[in-house]
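Remarks on the overall topology
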Amino acid sequence: MIWRFGLYESTFEPQWYSHWALLAILVLPIFIGLLGAFFTPRRLFPVALACLPILLAGALLIVDYLQVGLLRWQWDIAGVELSLRFNGLSGLMLMITQWVGTAAAMYTPGHLQLTNPGKHARWLWPLMGVLISALSLIWLAVDLLTLYAALELMGLAAVGMLLLSGKPDALKAGMRYLLLALVGSLAYLLGVALLLGYWGELDLKSLVEVVEPSPVSWVAAALIGAGLALKAALFPLHGWLTPVHENAWTPVSALHAALVIKASLFMLIMLWGILLPDALFAPRLVAWLGMLAIVWGGLIAWRAESLKTLVASSTVGQLGYLMVAFPLLLGSAVSPLPGALAWEGFWLQLMGHSLAKAAMFMAVGNLIIATGESSIKGLAGTSRRLPLSLLIFGIASVTLMGLPPSAGFTAKWLLLQAMVMTQQWVAVAALLIGTLLTAAYVFRVFRYSFDETAPRHQYQPLAPGMDLIALCLALAAFALGLLAHLPLALLQGGGA
Amino acid sequence: MIASIDYVEVGVAFCLVAAALACLFDRHLKRASSLFLLFALLMSLSWWLFDAPGLALAELVLGLTLTGGSFFYALNAFPATAEKVPHYDRSLHRWSHKVVRAVLALAWSVMIGGAIWFLLPDMAYSPTEHPLIIAAVVIVATAMGAFALHRHMLRRLMAFNVLGSGVFLLLAGMAGTMPGSQALISVGLTIAWLGTLLGVLLIRQLVSLEGLLALESDSDATGHAQ
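This section reports on the structure supplied with the text. (Residues numbered from 1 in each chain as written. Chains lettered and ligands numbered in written order. Predicted model: local features only at pLDDT ≥ 70, side-chain atom pairs only at ≥ 80, totals over all residues. Heavy atoms only, no water.)

Across its full length, chain B holds 8 helices and 0 strands. Ordered by position from the N terminus, the helices and strands of chain B form the series α-α-α-α-α-α-α-α. By the burial criterion, 52% of the 226 residues in chain B qualify as buried. Long-range contacts, defined here as pairs at least 24 residues apart, represent 77% of the contacts in chain B between residues at least 6 apart. Taken as a whole, chain B presents about 9,700 Å² of accessible surface, with 69% of it coming from carbon and sulfur. (Helix = DSSP H or I, 4+ residues; strand = E, 2+ residues; numbered from the N terminus. Buried < 20%, exposed > 50% of the residue type's maximum accessible area, 1.4 Å probe, protein only. Contact = heavy atoms within 4.5 Å. Areas by Shrake-Rupley, 256 points an atom, 1.4 Å probe, with all protein chains shown as cover.)

Take a look at the structure:
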C-alpha cells in the first residue's frame, strides 16, 4: 500500500513548471467555470479552448513524473501540515477526470440549447469547475484534512449540479442525496477523530508508520468505510443512486457516475489499505456484498422500464466487480502475483467503466432528447433513424459486458486470472453471471430499438458534436483495452 | 484516582444534552429551530471551556448565526394560512420503524463508545472526568437515531446539524484542540453551514413547487439506504 499509493519520500524535487501545473489543475477549473457563468458559451469550441490549458497542465505533471519519479508538496499553515503527492495512480485518475470532464463540458452547450432549461443553467459551469478541482485534489491529497475538505467540496458541488434541473422529483432525490452524503462524511470525520486521538497524525505518510491493528483502527476503519461506501453507492447503500440519475441532466449524470462515486471508492481503498493491512474479514464481507451487487444490479437493470434507470442500475452492478477484488487488494495473505494482477485489473476496470458509463449516459441522453421519450419501449423504430446513438450505446456496452478487445475485457481477464490463482470460484461465477446479465439488459434495449411496428416521424435533431463526443468516449474505453500496457506502465511506475 | 468534578463543565454538558434532545424531538418546527440556536450557543460555550476561543467564535458565526438563520429562512417560506399546521410535523411512524432505527443507532453508539473506552482508559475509573465527551456520545447516538427516524426534511437537516456538533465535540474531546483538530472542526462547521444552506434553498423551492406535503413524502428508498 505504501508503494502503491506513493506514501514515501520523493527522491527529487519537482521541476519548476510542476508547481505552476499543480496550481493550474487545482485553480483553473474553478476560474474557467466562473467565466462560463458570465459568458454562457453557446458553442462547443470556446469550451474546448478553455479546457485546453487544464489538460496541458495535467500532461505536464505526468511528464515530470516520468522524469523525476514521485512528486511531493508539503506546506505548514498555522501548525497544520498539508501534503500532496503525484504518482502514477494519481496521474491516471487525474487524466481520466480531466478528459471525461472536458467531454462533459463540451457536451453541455448542445444539451442546454436543446432542453432550454432556463436561467439557473449558467450556474452549472462554476459547479462543474469546483467539482473537477475537488476531484483533482482528492487524487493528489495525502492527509486526512485535505481529503475531508476536498470530499465535502466535491459532494456539495455534485448535489448543486443535480438540483439545477429544478423538477420536484429531482429536488426530492437531491435532498435525500444531500442528507446521506453529509451524514456519510460525518461518519468519516468520526473515524478521523479516533485516528487523530489515538495516533495524533493526520498525514497519511506518518500514519502508515505508526498504525497497528487495535480496536481503534478497526472501529475507525468501520466508520470511514461506512461513510465512504454510502457516498460511493456500494451495494446495500445504493438506494439513492437511481432516483438521482433519473432526474439529472445528462452531462451531470455522466460526470457523477464516471467520477464522483469513484472518488469515494479511491479513498476507501487507500485508507483501508493503511488501517487494515492484515484484515481478512472486512474485505471478504465487501467481496460477498460485491457478488450480490453484480447480480442485483444486473437484475434491476434487466427489469428496468426507463433508460436512465437501466444505466444507473448497471452502475451498481459494475461497482460490484470492483468490490469483488477487495480481498485481493488488501491483506498480506495474498501472494504477490495475483495481488498485482488484481491491482491492475481493479484500476483498469474503474477507468474503463468511467469512460464507458459517461459515453452511455450521453448516448442515452441523446436518444431521450431525440425521441422525447425516456422509457425503453419508446425506442421503437430508432434503429433506422438514430443508428449513431445506438452504435455508441453498443460500443459502450461492449466495455461493460467485457467483450474483447475493450478495457472491460482486459480488466475482467486480469481479475479472473487473479481469482483463479487464489481459487475464489464463487467470485469467478459471479463475474460470469454478471457478464450474462449485462448482455441481457443491453440486448433488451436493442430488441426494442429494432422494433419497426411503431414507426415515428418526429425526431428532434441533435446539436452538432453531441454524438461525436459520446462516440469519442466510447472509443476511448475500447482503446483502453487495446493499449492497456500504457496506463499499466504508469501504474507500475508508482510501484517500482 | 479521586474524581474531581468541574461543576461548570458538568452543567454545560447537561444543558447541551437537554437542548439537543428537545431540539431533536420537538414537533413544533419554529420552537425546534429556536432550541437549535440555544444548542449552538451552548456549543460555543463548550468550545470556550476547551480553551479554543477561535472555535467558539466560529461556532457563533457559522453555527448560531448562519446555520440557525438558515432554518428560520426556510420556515419563512412556509405559507401562513392554516395557523399552526405548516410549522408542525404530524407524520406518524410505525412501531417496527421506530424499533429498527433505535436498535441501529444503539449498535453504532455501542461501537463508538467501545472505541472511546479503549482510547481514553482513564474514563473507566472516573467517568465524571470528561462530562463533555459523555454528553457528546449521547448527542451523537440520539441524533443518529433521530436522523434515521424522522421523515420531515427540515427535521432531518436539524438532526444532521446536531449530529455534526456531537461529532465535533467528540473530536475535540479525543484529540484535544491541537491545530489539526481545530482545522478539521472549522472545515466541518463550514461544510455543515453550506450543506444546510443548500438544503434550505431546496426546501424553499420544493415548498413553492409542491406545497408542504412534499417535505414529508420522503419515504421508502431512504429506509433501505439506512
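Residues and elements named next belong to chain B. A full pass over the atoms with the stated rule returns 8 cavities of 30 Å³ or more. Here the largest cavity is characterised by a volume of approximately 70 Å³. The set of elements that each furnish at least two residues to the lining of the largest cavity consists of α3 (53–76), α6 (153–175) and α7 (179–210). Top contributing element to the lining of the largest cavity by residue count: α3, with 4 residues. (1 Å grid on protein atoms, 1.4 Å probe; cavity = no way out; pocket = protein on both sides within 12 Å on 5 of 7 lines; lining within 4 Å. Points joined across faces, edges and corners; volume = space filled by probe spheres on them.)

Our focus in this paragraph is the packing of aromatic side chains. Taken as a whole and judged by the stated rule, the model has 19 aromatic pairs over all chains. Ring centres 6.2 Å apart and planes at 80° place the aromatic pair Trp272(A) and Phe326(A) in the edge-to-face group. With Trp272(A) in helix α10 (residues 250–275) and Phe326(A) in helix α13 (residues 326–329), the pair connects residues that are 54 residues apart, well separated along the chain. Plain terms: the ring middles of Trp47(B) and Phe50(B) are 6.1 Å apart, the flat faces sit at 40° to each other, and that makes the pair tilted. Ring-pair connections join several aromatic residues into one group, and the members of that group are Phe5(A), Trp139(A), Phe266(A), Trp272(A), Phe326(A), Trp343(A), Phe346(A) and Trp347(A). Seen from the ring of Tyr321(A), Lys412(A) lies directly overhead, with NZ or CZ sitting 4.3 Å from the centre. The ring of Tyr448(A) has Arg447(A) lying over it, and the distance from NZ or CZ to the ring centre is 5.0 Å. (Phe/Tyr/Trp six-rings, centres within 6.5 Å; stacked < 30°, edge-to-face > 60°. Lys NZ or Arg CZ within 6 Å of the ring centre and 35° of its normal.)

Our focus in this paragraph is the layout of surface pockets. There is about 970 Å³ of room inside the largest pocket. Around the largest pocket, the lining comprises 40 residues; the ones closest to its centre are Ala222(A), Ala226(A), Gly227(A), Leu237(A) and Trp108(B). Mapped onto the lining of the largest pocket, the elements with two or more residues apiece are α6 (168–199), α8 (215–232), α10 and α11 (281–303) of chain A together with α4 (95–119), α5 (131–149) and α6 of chain B. Sorting elements by how many residues they give to the lining of the largest pocket places α8(A) first, with 9 residues. Within the lining of the largest pocket, the residues separate by chemical class into 35 nonpolar, 4 polar and 1 charged. Lining the second largest pocket are 21 residues, and of these Leu127(A), Gly160(A), Leu164(A), Leu198(B) and Leu201(B) sit closest to its centre. Per element, the largest residue contribution to the lining of the second largest pocket is 6 residues, and it comes from α7(B). Residues belonging to the lining of the second largest pocket are distributed by class as follows: 16 nonpolar, 5 polar and no charged. (Nonpolar A, V, L, I, M, F, W, Y, C, P; charged D, E, K, R; others polar.)

Moving on: unusual backbone geometry. Most peptide bonds take the trans form, and the phi angle of most residues other than glycine is negative. Following Pro404(A), the chain continues to Pro405(A) via a peptide bond in cis, the omega torsion being 0°. Residue placement: Pro405(A) occurs in the loop between α16 (387–401) and α17 (407–421). A positive phi angle, close to 55°, is found at Gln423(A), a residue other than glycine. Mapped onto the fold, Gln423(A) is located in the loop between α17 and α18 (425–449). Look at Asp51(B): it is not a glycine, yet its phi comes out positive at around 65°. Relative to the elements of secondary structure, Asp51(B) occurs in the loop between α2 (29–49) and α3.

Residue and element names in this part refer to chain A. The interhelical angle for the contact between α10 and helix α12 (residues 307–324), taken along N-to-C directions, is 20°, at an axis separation of 12 Å. The angle between α10 and α12 falls in the class roughly parallel. Like other packed secondary-structure pairs, α10 and α12 cross with a definite hand, here right-handed. When α10 is examined against α12, the residues Thr250, Ser253, Ala257, Ile261, Lys262 and Leu265 are found in contact with a partner set consisting of Lys308, Thr315, Leu319 and Leu322. When its residues are assigned to classes, the contact of α10 with α12 shows 5 nonpolar, 3 polar and 2 charged. (Axes fitted to C-alpha atoms, helices over the stretch in contact; angles between N-to-C directions. Parallel < 35°, antiparallel > 145°, perpendicular 65-115°, else oblique. Left-handed = near helix turned anticlockwise from the far one by under 90°.)

On to the environment of Leu482(A), then. Residues and elements named next belong to chain A. Following the sequence through the fold, leucine 482 ends up in helix α19 (residues 466–482). Overall, leucine 482 belongs to the exposed group, its relative accessible area being 55%. Leucine 482 sits 72 residues away from threonine 410 along the chain, and the two C-alpha atoms are 8.2 Å apart.

On to the nonpolar core. Soluble globular proteins tend to pack their nonpolar side chains together in the buried interior. Residues and elements named next belong to chain A. Judged by nonpolar contacts, the single largest core of 277 residues is most densely connected at Ile138, Tyr188, Leu204, Phe346 and Trp347. When residues of this core are assigned to their parent elements, the largest contribution, 21 residues, is made by helix α14 (residues 336–371). In contact with phenylalanine 346, other than residues within four places in its own chain, are Leu265, Ile269, Leu322, Ala325, Phe326, Leu329 and Leu415. (Core = buried A, V, L, I, M, F, W, Y, C linked by side-chain atoms within 4.5 Å.)

This part covers the interface of chain A and chain B. Each partner contributes residues to the interface: chain A has 45 residues there, and chain B has 46 residues. A buried area of about 4,000 Å², summed over both sides, lies between chain A and chain B, and 86% of it is on carbon and sulfur atoms. Linking chain A with chain B are 0 salt bridges. Here chain A is connected to chain B by 0 residue pairs in polar contact (both at pLDDT 80 or more). Taken together, the elements giving at least two residues each to the side of chain A that touches chain B come down to α5 (144–163), α6 and α8 of chain A. No other element matches the 20 residues that α6(A) contributes to the side of chain A that touches chain B. Partitioning the side of chain A that touches chain B into residue classes produces 34 nonpolar, 8 polar and 3 charged. (Buried area = accessible area lost by both parts, 1.4 Å probe. Salt bridge = Lys/Arg side-chain N within 4 Å of Asp/Glu carboxyl O. Polar contact = N/O pair within 3.5 Å; in protein donor to acceptor, adjacent residues only side chain to side chain.)

This brings us to the pattern of salt bridges. All told, the structure shown has 4 salt bridges over all chains when counted by the stated rule. One salt bridge in this structure joins Lys377(A) and Glu305(A), with 3.6 Å as the shortest N-O distance. Within this pair, whereas Lys377(A) is found in the loop between α14 and α15 (382–385), its partner Glu305(A) is found in the loop between α11 and α12, the two being separated by 72 residues in sequence. Where Asp26(B) meets Arg31(B), a salt bridge forms, and the shortest distance between an N and an O atom there is 2.8 Å. By relative accessible area, which is 12% here, Asp26(B) ends up buried.

In short, shape yes, function no, at least from these values alone.
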